[in-house]
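Below, each chain spelled out in residue letters.
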Amino acid sequence: MLTPAYPALSGKIFGFNAEREAIVSDVIAREYERKAASQSALELAINDAAVQEIARLEGARKSPALDRWRDVYRTLGHRPLAEKQALYRRLLADSARGIVGNFDPKVYNFATRAVPYGLTWLFKKQSRLPALSPSLADRIHVEGHTDTLRALAERGTVILVPTHSSNLDSLVIGYALYHLGLPPFTYGAGKNLFTNALLSFFMHNLGAYKVDRRLTYGLYKDVLKTYSTVLLERGYHSLFFPGGGRSRSNALESRLKLGLVGTGLAAYINNLRAGKPNPEVFVVPATLNYHLVLEAETLIDDQLQRVGKSRYIIENDESAQARRIASFVHQMLKLDTSMVIRFGEPLDPFGNAVDRDGVSRDLRGRAIDIRKYVEVDGEARHRAQRDAEYTRELGGAIASSYRKNAVVLSTHLVAFALFGLAKERHPQLDLFQLLRLPDDTAYPLAEVCERIDRLRDRLVRLGEAGEVVLGDHVRDDGTEALVDQALRIFGVYHTRPLAERAGDEVRLVDLKLLLYYHNRLTGYGLEEALFPQEARP
């Protein structure tokens, strides 16, 4: 359960609007300075934007923008330098103004008071469901390095890098930060999420900035990175999802997209060069651990479509359906379990651990002077290849933290055991054949429990080695009680229960969703516990 703290009523974000125009101008000026003096660099950047936008817009409905980009493409080579510079500056300004966020303290105060009432209203509007009880805070458990996170937020700028499962993640994290007494963090939100008027209003006024993932040309990406860098230099705590989007398979993210994460190092170097008194940038990994995921059905369909090409067709995303959100939240509130947010050990921009005093430590716990990492002839300088390697090392440290701080819940463990049993019994079937097993496929409860015991023994050893975290029920409950809890949760929200008890057997109902929740525990070598060498499929 979240322990209510005094909510933060101050912080850089509360003064964001006063700096908004200065931030935009800073971003434009930096990007302009990088290329404006070079005719070839200008042509390359503008031409790249034109080619990619023409290709994108030609596949859409007729747009005036398409004609403008075609004109740019046709005439760019003949334009004088001054005209190219003016065009480049205008494109930079358009990009920066399309990205920049906003923060309204009045909307923030309203939102923090209105969320519980709003959800109650939502339930009443959508159905005859009763009012919220217990509260949302009773179903969100926050653990890990929370005290260190609070301390570091006072010493420097924090980048929070959580795992990403659902479009509800930002809301859940924001709610947790509020109860930890931390101010709101800025974060990049997909432009598609701004199509909902109500959601757009709150996101636009609560520090979110827009990321248009349709725009893939270098000029836009450079502006986005510079915008993030400027925010960090100015002390705005930020939130990135380095997985690049929601995990389709539900596996923990291991291949991270480090473009925005790397802006932490850029900001740190710039802070040193500017002689700022608190130049430090801290990176805090976190895992979000849900028993059930709102959009699981759509996400696993998407994953299977990618793997199996045209065998699956994606339907509507549940996060865009108010009734599904209401049903999901209501069912989660009815359960006697919590979702868990776990904050990992903070890192510096190079992947070293950081203590609560902001001191970087090596693997033996010795203090490190990280300024030396970026000094050339005694001065902090950027070096593209060196900095890219540092950021890759940071990415490895974040992925490692995800594994160590993932919290194993009963639904993950039981799904892993049940899907593993299906693979064990049908070693001749590939994944897609396995997913078409008949609905009456069932296994004796005793066998299910025996597999869970094997898995739990392995997980306990991994937990003792600090390689994973066991949820309370997984650690303490009897095996049959654990199965019953997971089956009960499996039956409360999704269109069909994933599996159900039938006397002394457990019947598998939805293999796709069992695969989805099973995937949360892949990468820990649990197959060795489930399948002895001689019986491995």
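Just above sits the structure.
Everything numeric in this text was worked out from a predicted model, so none of it was measured. (Residues numbered from 1 in each chain as written. Predicted model: local features only at pLDDT ≥ 70, side-chain atom pairs only at ≥ 80, totals over all residues. Heavy atoms only, no water.)

Caption draft 1: Expanded view of the overall build of the chain. Looking only at helices and strands, the chain has 20 helices and 17 strands in total. Looking at the 537 residues of the chain, the share that counts as buried comes to 53%. Here the contacts in the chain between residues at least 6 apart in sequence split such that 77% fall between residues at least 24 apart. Element-wise, carbon and sulfur atoms account for 51% of the exposed surface of the chain, whose accessible area totals about 24400 Å². (Helix = DSSP H or I, 4+ residues; strand = E, 2+ residues; numbered from the N terminus. Buried < 20%, exposed > 50% of the residue type's maximum accessible area, 1.4 Å probe, protein only. Contact = heavy atoms within 4.5 Å. Areas by Shrake-Rupley, 256 points an atom, 1.4 Å probe, with all protein chains shown as cover.)

Caption draft 2: Molecular detail of the pattern of salt bridges. If you walk through the whole model with that rule in mind, you get 43 salt bridges. For Lys-35, the salt bridge goes to Asp-222, with nearest N and O atoms at 3.5 Å. Here Asp-222 lies in helix α9 (residues 218-233) and Lys-35 lies in helix α1 (residues 16-35), a separation of 187 residues in the sequence. When its relative accessible area of 19% is taken as the criterion, Lys-35 is described as buried. Of the charged contacts, one joins Asp-472 and Arg-475 as a salt bridge, the two residues approaching to 3.0 Å between their closest N and O atoms. Note that Asp-472 and Arg-475 are positioned in helix α17 (residues 472-476) at a spacing of three residues, about one turn of the helix. Judged by relative accessible area, Arg-475 falls into the partly exposed class, the value being 46%. Taken together, the salt bridges that share partners define one network made up of Lys-12, Glu-19, Asp-26, Arg-30, Glu-233 and Arg-234. (Salt bridge = Lys/Arg side-chain N within 4 Å of Asp/Glu carboxyl O.)

Caption draft 3: Spatial organisation of the environment of Leu-256. Examined against the element boundaries, Leu-256 turns out to sit in the loop between β5 (238-239) and α10 (263-273). Expressed as a C-alpha distance, the spacing of Leu-256 and Ile-398, which sit 142 residues apart in the sequence, is 8.7 Å. Non-local contacts of Leu-256, meaning those with residues more than four positions away in its chain, are made with Pro-242, Gly-243, Gly-395, Ile-398, Ala-399 and Tyr-402.

Caption draft 4: Focus on the pairing of strand β16 (residues 499-502). Pairing of β16 with strand β17 (residues 505-508) involves four bridges; the strand directions are antiparallel. Bridging from a neighbouring strand, Glu-500 pairs with Arg-507 of β17. (Pairing = 2+ DSSP bridges.)

Caption draft 5: How the structure looks around the nonpolar core. One finds Leu-160, Ile-341, Phe-343, Phe-490 and Tyr-517 to be the most contacted residues of the largest nonpolar core, which totals 87 residues. Ranked by the residues each element gives to this core, the list is headed by helix α14 (residues 410-425), at nine residues. Core analysis: the next-biggest nonpolar cluster, separate from the first, contains 68 residues, Ile-159, Tyr-209, Val-230 and Ala-399 among them. (Core = buried A, V, L, I, M, F, W, Y, C linked by side-chain atoms within 4.5 Å.)

Caption draft 6: A look at the packing of aromatic side chains. What the rule picks out here adds up to 15 aromatic pairs. Where Tyr-268 meets Phe-350, the ring centres are 6.2 Å apart and the plane angle is 85°; that geometry is what we call edge-to-face. Placement of the pair is Tyr-268 in helix α10 and Phe-350 in the loop between β7 (339-343) and β8 (353-354), with a sequence separation of 82 residues. A single burial state applies to Tyr-268 and to Phe-350, both of which are buried. In textbook terms, an aromatic cluster arises when at least three aromatic residues are bridged by ring pairs, as seen for Phe-14, Phe-103, Tyr-108 and Tyr-178. Here Arg-403 stacks its cationic end above the ring of Tyr-524, 4.5 Å away from the centre of that ring. (Phe/Tyr/Trp six-rings, centres within 6.5 Å; stacked < 30°, edge-to-face > 60°. Lys NZ or Arg CZ within 6 Å of the ring centre and 35° of its normal.)

Caption draft 7: Examining helix α16 (residues 445-464) more closely. Its 20 residues place the ends of α16 28 Å apart at the C-alpha level, agreeing with the 28 Å of an ideal helix rising 1.5 Å per residue. A positive phi of about 75° marks Gly-466, the residue just after α16. (Expected span 1.5 Å × (residues − 1).)

Caption draft 8: Molecular detail of the packing of helix α2 (residues 39-58) against helix α3 (residues 64-75). The contact between α2 and α3 brings their axes to 9 Å, and the two run at 145°. Crossing of α2 against α3: the hand is left-handed. Judged by residue contacts, Ile-46, Asn-47, Ala-49, Ala-50, Val-51, Glu-53, Ile-54, Leu-57 and Glu-58 of α2 engage Ala-65, Leu-66, Trp-69, Arg-70, Val-72 and Tyr-73 from α3. By residue class, the composition of the contact of α2 with α3 is 11 nonpolar, one polar and three charged. (Axes fitted to C-alpha atoms, helices over the stretch in contact; angles between N-to-C directions. Left-handed = near helix turned anticlockwise from the far one by under 90°. Nonpolar A, V, L, I, M, F, W, Y, C, P; charged D, E, K, R; others polar.)

Caption draft 9: Highlighting a positive patch on the surface. Residues Arg-213, Lys-221, Lys-225 and Lys-257 make up a contiguous surface patch of positive charge. If you trace the backbone, Lys-257 turns up in the loop between β5 and α10. (Patch = residues over 30% accessible without salt bridge, like charges linked within 9 Å, V, L, I, M, F, W, Y side chains within 5 Å. Lys, Arg positive; Asp, Glu negative; His and termini not counted. Charge placed at Lys NZ, Arg CZ, Asp CG, Glu CD.)

Caption draft 10: Layout of the packing of α14 against helix α18 (residues 479-490). At their nearest, the axes of α14 and α18 sit 9 Å apart, and the two run at 100° to each other. Looking at the two axes, α14 sits roughly perpendicular to α18. Across from Ser-410, Thr-411, Leu-413, Val-414 and Ala-415 in α14, the residues of α18 making contact are Leu-482, Val-483, Gln-485, Ala-486, Ile-489 and Phe-490. Considered class by class, the residues forming the contact of α14 with α18 number eight nonpolar, three polar and no charged. (Parallel < 35°, antiparallel > 145°, perpendicular 65-115°, else oblique.)

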